[in-house]
Amino acid sequence: MNNIRLSRIAKLALKYQTSSLNTVGDFIRKRLTNNKITPFPRLITLYITNRCNLNCPMCLNANYRNKSYFSEEININLIKKILPELKIYKPLICITGGEPLLNSHLFKIISLLSTNYILTALTTNGLVLEDFTRQIIASGLEFITISLDHYKEKKHNLGRGSKTSYQKLINGLDKLVALRSDTPTNIKINTVIRKDNYRDLSKMYDFIENLGIDEWSIQHYNFVTPLQRKSINCFKTINKFPNYFEGSLIKRNHYLTNNEVATLNEQLEEVRKKSNTYKTKLSIKPQIDDIYSYYQGEFPSKNSFCDLPFNSINIMEGSKATLCLGYEIGNFKEDPSINKMWKSKRTHDFQMKILKENILPPCFRCCGLNYVFNG
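Below is a summary of the structure that appears in this document.

Calculation criteria
Residues numbered from 1 in each chain as written. Predicted model: local features only at pLDDT ≥ 70, side-chain atom pairs only at ≥ 80, totals over all residues. Heavy atoms only, no water. Pairing = 2+ DSSP bridges. Helix = DSSP H or I, 4+ residues; strand = E, 2+ residues; numbered from the N terminus. Axes fitted to C-alpha atoms, helices over the stretch in contact; angles between N-to-C directions. Contact = heavy atoms within 4.5 Å. Salt bridge = Lys/Arg side-chain N within 4 Å of Asp/Glu carboxyl O. Buried < 20%, exposed > 50% of the residue type's maximum accessible area, 1.4 Å probe, protein only. Phe/Tyr/Trp six-rings, centres within 6.5 Å; stacked < 30°, edge-to-face > 60°. Lys NZ or Arg CZ within 6 Å of the ring centre and 35° of its normal. Expected span 1.5 Å × (residues − 1). Arc of directions from axis to C-beta.

Details of the sheet that holds strand E1 (residues 43–47)
Now for step 1: Taken in spatial order, the 10 strands line up as E9-E6-E5-E4-E3-E2-E1-E10-E11-E12 in an open sheet, and their pairing is mixed. Here the strands that pair on one side only, and so sit at the sheet edges, are strand E9 (281–285) and strand E12 (328–331). Going from strand to strand, the sheet's axes swing by 20 degrees on average, the running direction of each strand aside.
Now for step 2: In the sheet, strand E10 (residues 312–315) pairs with strand E11 (residues 320–322) via 2 bridges, with the strands oriented antiparallel. Looking across to E11, one finds that Asn314 is bridged to Thr322.
Now for step 3: The strands touched by helix H7 (residues 165–179) are strand E4 (143–147) and strand E5 (186–192); relative to E4, the strand with the most contacts, the crossing angle is about 155 degrees.
Now for step 4: Together, strand E6 (215–219) and E9 form the strand contacts of helix H10 (residues 258–274), whose direction differs from that of E9 by roughly 150 degrees.

Below, the structure is given as C-alpha cells:
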C-alpha cells in the first residue's frame, strides 16, 4: 500500500470518525459475541431511480429498470426525513440505480449528506459523466465507481448497447481526474467478467494503470442457469418475494467451459502479480474458493456466508425499505424511522431465516456472498 493511499485512508478516518469507530466496534462485537447483526444498518443503498440510459445484459436491476414498478423516485425530502438517524449512526450511503445521474435531486442529496459528515459513494455507467464532473467535485462525494468492461472501444460499447458509451465515459473520466483535488477521494473502475473480456484482463490492467484512477474492481459475472431459475421462482412464489435483483439468465447450466475458466484463472493470476507493483489498487469480488464450480453453475455449499442481511438495507423508489432479495420491511411514507424497521419482527424473522439456512435459492449468484464450494 503506497503512502498516498495510506494518507487518504487516514484523512477519511479522521473526517468520518463515527463510521470508523462503528467498523472497529462491529468487528470486536462479532468476534466476542458471534453476533452478526449490527445495532443499525452500516450500509444503506439508495436506488435513486430505475431510469437508465443504457441496456446492459448483466445488470442486476434489469427486472425493474425503466419500468413503472414504483411511481416516485428518491428525492431530497425523503433524505431529510431520515437525516436525524443518519447523523447519529453515520452509515455508508451508496447511491445507485438505474443511472443515478438522471435524478435531478442527486447532488442536493450528496451535498446534504456530505455536509453532515455522512460517507457517500456513487456508481455510474459514465455515459453522461462529463456533463457532471464539476458538480461531483463540488458536492463532496468521497467515492465514485464507473463501469468499464473493456479497454477496446468496440467491445465495451457492444456490451453496453451504445455506440458512444466508451468515448463519453473516457472523456468524463479524464475530466474528473484532471479537475479533482481533495474529492472524490477514491475513483474506481468496475469491470464485470464477460465472455468477451475474460481473456484480456491483464491488458485491461495495463490500460487502467495509465488512467490516473485509484482502484480497479473486477466483478465475477452474476448469472442464473435455467435449472436454478426454476428453484428461485418456486422460492419466490412460496415466500411471496418480488422480482427485484437477479443475475442474467443464461441458456445453459454453465457460463464458461472448463478451458475458458482455466484461461480466466491465468488472467486473474497475472493481474494479482501486477497489483504488487502497480499503483492502482486491485480488488476481485465476490470471494470464491473454486472458480471452476462457480462458472460451471454449481450451487454453493451451506458454508458460504453473507453479511448483507445483517448490516444493510436498501431504499427503493416509492419510499420502500428492503433487505436483500427485495424483502420489504417498511415504507418511509408511513414511518420515517430506519431504527424501527431494522428492529422490527419482520426484519428479525428474515435474519433468523438466513442464520438458520445460511443461503437461499436466490443467493445462487450474488455479489455479496462469500462462495464456498469445497466444504
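So, the pattern of salt bridges
Now for step 1: Applying the stated criterion across every chain, the model contains 19 salt bridges.
Now for step 2: Glu73 serves as the salt-bridge partner of Arg51, at 2.6 Å between the closest nitrogen and oxygen. Taken together, the residues span a long stretch of sequence, with Arg51 in the loop between E1 and helix H3 (76–89) and Glu73 in the loop between E1 and H3 at a distance of 22 residues.
Now for step 3: According to the relative accessible area criterion, Glu73 is partly exposed, its value standing at 26%.
Now for step 4: Each of Asp149, Arg160, Arg194 and Asp196 takes part in one network of salt bridges that share partners.

A short note on the packing of aromatic side chains
How two aromatic rings sit relative to each other is given by the distance of their centres and the angle of their planes.
Now for step 1: Using the criterion set out here, one finds 16 aromatic pairs in the structure.
Now for step 2: Taken together, a centroid distance of 4.9 Å and an interplanar angle of 70 degrees make the contact between Tyr294 and Tyr295 edge-to-face.
Now for step 3: Classification of Tyr294 by relative accessible area gives buried; the value is 0%.
Now for step 4: Given the relative accessible area of 0%, Tyr295 is considered buried.
Now for step 5: Every member of this aromatic cluster is reached through a ring pair, and the members are Tyr221, Phe223, Tyr255, Tyr294, Tyr295, Phe299, Phe364, Tyr371 and Phe373.
Now for step 6: Over the ring of Tyr294 we find Arg365; its NZ or CZ atom is 4.4 Å from the centre of that ring.

Quick notes on helix H9 (residues 226–239)
It helps to recall that an α-helix has 3.6 residues per turn; residues three or four apart then point in one direction.
Now for step 1: Its 14 residues give H9 an end-to-end C-alpha distance of 20 Å, which sits within 8% of 20 Å, the value for a rise of 1.5 Å per residue.
Now for step 2: Every buried residue of H9 is accounted for by Gln228, Arg229, Ile232, Phe235 and Lys236. Looking straight down H9, one finds that the buried residues subtend no more than 125 degrees of arc, so they occupy a single side. In H9, the exposed positions angled more than 90 degrees off the buried face are occupied by Leu227, Lys230, Thr237 and Ile238.
Now for step 3: Tucked inside the fold, the buried residues of H9 contact strand E7 (223–224), strand E8 (248–249) and helix H14 (345–357).
Now for step 4: Positioned one or two residues after H9, Lys240 has a phi angle of 55 degrees, which is positive.

Things to note about unusual backbone geometry
Now for step 1: Here Gly97 and Gly98 are connected by a cis peptide whose omega angle stands at 20 degrees.
Now for step 2: Structurally, the position occupied by Gly98 is in the loop between strand E2 (92–96) and helix H4 (106–115).
Now for step 3: We note that Tyr117 has phi near 55 degrees; this positive angle belongs to a residue other than glycine.
Now for step 4: Of note, the phi angle at Ser319 is positive, near 65 degrees, even though the residue is not glycine.
Now for step 5: Structurally, Ser319 is set in the loop between E10 and E11.
Now for step 6: Since its relative accessible area comes to 12%, Ser319 is described here as buried.

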